[in-house]
Amino acid sequence: MSGHDHGDDGLSRRKVLECMTWAGTGVLWTITGGVPRSLGIIDSAQAATAAAPGMTFLQISDSHVGFDKPANPNALGTLEEAINKINAMPVKPSFMIHTGDITHLSKAAEFDNADRIISQSKLDVHYVPGEHDFLDEEVKFYRERYGRGTKGAGWYSFDAGGVHFIGLVNVVDLKAGGLGNLGAEQLAWLEDDLRGKSKSTPIVLFAHIPLWTVYPEWGWGTEDGGRALEYVKGFGSVTVLNGHIHQVMQKVEGNVTFHTARSTAFPQPAPGAAPSPGPMKVENAKLRAMLGVASVNFKQNEQRLAIIDTPLQG
């Protein structure tokens with residue numbers, strides 16, 4: 001599917017910019033009748049959340065604990081603010097997904113600090129690594145904490161609420177320009193993991209780098225992501241969750257809904273809007289308006305995702 005992105009069905013830079021929405025960093029999903037739908041987390045969405053049937057889960061991403069540059073001198077603090085927003089929810093979600101870059105430099109103390117803050121949510125958390133989590137020489141800190149019971153570099157699957165969740169790792173052996181890579185071993189495992197699953201089973205894939213090609217010039221895509229997406233083609237409901245690009249982008253392509261989450265640490269520029277990707281400095285007064293908690297309203301058979309922004313401030 002990612003191969004379509006620069007063809008007739010693809011997103012030109014103008015279209016990419018048109019579909020972008022500045023939103024918050026946490027996405028609340030509810031499973032109703034086996035189909036993932038999203039709800040707001042706090043404020044105006046509290047009543048809907050409190051009354052929501054079925055199972056709910058959250059997505060957060062790109063905490064970059066340890067980052068202390070001008071774009072956000074206190075990434076640990078804004079992560080804690082996001083967790084406080086989650087703790088203010090009237091109904092606790094069943095679990096949380098973190099789509100990578102938990103830390104900034106893969107230091108033991110950074111992982112310890114991230115665990116200390118995220119554990120305040122008292123939620124079961126399912127992690128996949130970002131490239132910033134694999135920087136230590138032996139790549140042991142992430143694996144020691146989150147890799148037990150996983151396959152290969154850390155991929156795994158589980159079932160919850162009638163949905164099959166698959167955590168993928170696409171930050172090993174990055175390709176030209178930083179494009180993500182799944183690799184033959186993981187793809188073979190994925191094909192086998194899906195074999196025998198009923199096509200009516202909703203599927204949620206989650207990985208750090210987007211599985212669809214957002215902006216290859218900046219490495220915002222996965223070189224062999226199209227192969228993974230081929231394996232889920234026949235399923236009736238597929239949701240793909242990613243991080244890495246620090247901004248909300250979304251599209252619906254056939255039976256697949258793609259969504260990338262904001263960072264809790266700092267924003268990045270829109271694709272092509274700067275010489276290169278990286279932490280984007282904004283006025284201090286505006287930072288918390290660009291970080292926060294968001295929900296995505298996904299309705300099956302609709303070609304559009306509605307983003308509800310609940311910033312940390314403003």
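Please read these numbers as outputs of a predicted model, since none were measured by experiment.

A word on the packing of helix H3 (residues 75-87) against helix H4 (residues 108-118). Remark: H3 packs on H4, axes separated minimally by 9 Å, with the N-to-C direction vectors making an angle of 20°. By the angle between their directions, the pair H3 and H4 is classed as roughly parallel. Seen along the crossing, H3 lies across H4 with a hand that is right-handed. Within the contact between the two elements, H3 uses Leu76, Leu79, Glu80 and Ile83 and H4 uses Asn113, Arg116, Ile117 and Ile118.

Across the sheet, which stays open at both edges, the six strands sit in the order E6-E7-E8-E9-E11-E10 with mixed pairing between neighbours. The sheet is open, and its two edges are formed by strand E6 (156-160) and strand E10 (249-253), each paired on a single side. On average, adjacent strands in this sheet sit at an angle of 15° to one another, irrespective of strand direction. Summarising the sheet, strand E9 (residues 238-242) and strand E11 (residues 256-260) pair through five bridges and their orientation is parallel. From the neighbouring strand, valine 240 faces E11, where its bridge partner is phenylalanine 258. This element, helix H6 (residues 184-194), spans E6, strand E7 (163-167) and strand E8 (203-206) of the sheet and lies at about 170° to E7.

Moving on, we get to the nonpolar core. One finds Met96, Leu168 and Leu205 to be the most contacted residues of the largest nonpolar core, which totals 52 residues. When residues no more than four places from it in sequence are discounted, the contact partners of leucine 205 are Ile166, Leu168, Leu190, Leu211, Leu229, Val232, Thr239, Val240 and Leu241. Counting residues in each nonpolar core, the second largest holds twelve residues, with Val128, Tyr156, Phe158 and Leu241 among its members.

Moving on: H6. All buried positions along H6 are accounted for by Gln186, Leu187, Trp189, Leu190, Asp193 and Leu194. The buried side chains of H6 occupy one side of the element, clustering within an arc of 160° when seen end-on. Summarising the geometry of H6, the exposed residues directed more than 90 degrees from the buried face are Ala184 and Glu185. Each element contacted by the buried residues of H6 is listed here: E6, E7, E8 and helix H7 (225-231). One or two residues past the end of H6 sits glycine 196, with phi positive at roughly 90°.

Listed as buried for H4 are Glu110, Phe111, Ala114, Ile117 and Ile118. Down the axis of H4, the buried side of the element spans an arc of 130°, and every buried residue falls inside it. Lining the buried residues of H4 we find H3, strand E4 (95-98), strand E5 (124-127) and helix H5 (141-146).

This next bit is on unusual backbone geometry. Positive phi, close to 55°, is recorded for lysine 122, a residue that is not glycine. Counting through the fold element by element, lysine 122 comes out in the loop between H4 and E5. Judged by relative accessible area, lysine 122 falls into the exposed class, the value being 68%. Unlike most non-glycine residues, aspartate 173 shows phi in positive territory, near 55°. Here aspartate 173 is to be found in the loop between E7 and H6. By relative accessible area, which is 47% here, aspartate 173 ends up partly exposed.

With that out of the way, let us pick up the packing of aromatic side chains. Inspection of the entire model under this criterion finds 15 aromatic pairs. With a centroid separation of 5.2 Å and 85° between ring planes, the pair formed by phenylalanine 57 and phenylalanine 165 is classed as edge-to-face. In this pair, phenylalanine 57 is assigned in strand E3 (residues 55-60) and phenylalanine 165 in strand E7, connecting sequence segments 108 residues apart. Neither phenylalanine 57 nor phenylalanine 165 differs from the other in exposure class; each is buried. Site record: aromatic cluster; members linked through ring pairs are Phe57, Phe95, Tyr156, Phe158, Phe165 and Phe206. Here arginine 143 stacks its cationic end above the ring of phenylalanine 134, 5.5 Å away from the centre of that ring. Its guanidinium or amino end placed over the ring of phenylalanine 258, lysine 251 lies 5.2 Å from that ring's centre, counting from NZ or CZ.

Rules and cut-offs
Residues numbered from 1 in each chain as written. Predicted model: local features only at pLDDT ≥ 70, side-chain atom pairs only at ≥ 80, totals over all residues. Heavy atoms only, no water. Axes fitted to C-alpha atoms, helices over the stretch in contact; angles between N-to-C directions. Helix = DSSP H or I, 4+ residues; strand = E, 2+ residues; numbered from the N terminus. Parallel < 35°, antiparallel > 145°, perpendicular 65-115°, else oblique. Left-handed = near helix turned anticlockwise from the far one by under 90°. Contact = heavy atoms within 4.5 Å. Pairing = 2+ DSSP bridges. Core = buried A, V, L, I, M, F, W, Y, C linked by side-chain atoms within 4.5 Å. Buried < 20%, exposed > 50% of the residue type's maximum accessible area, 1.4 Å probe, protein only. Arc of directions from axis to C-beta. Phe/Tyr/Trp six-rings, centres within 6.5 Å; stacked < 30°, edge-to-face > 60°. Lys NZ or Arg CZ within 6 Å of the ring centre and 35° of its normal.

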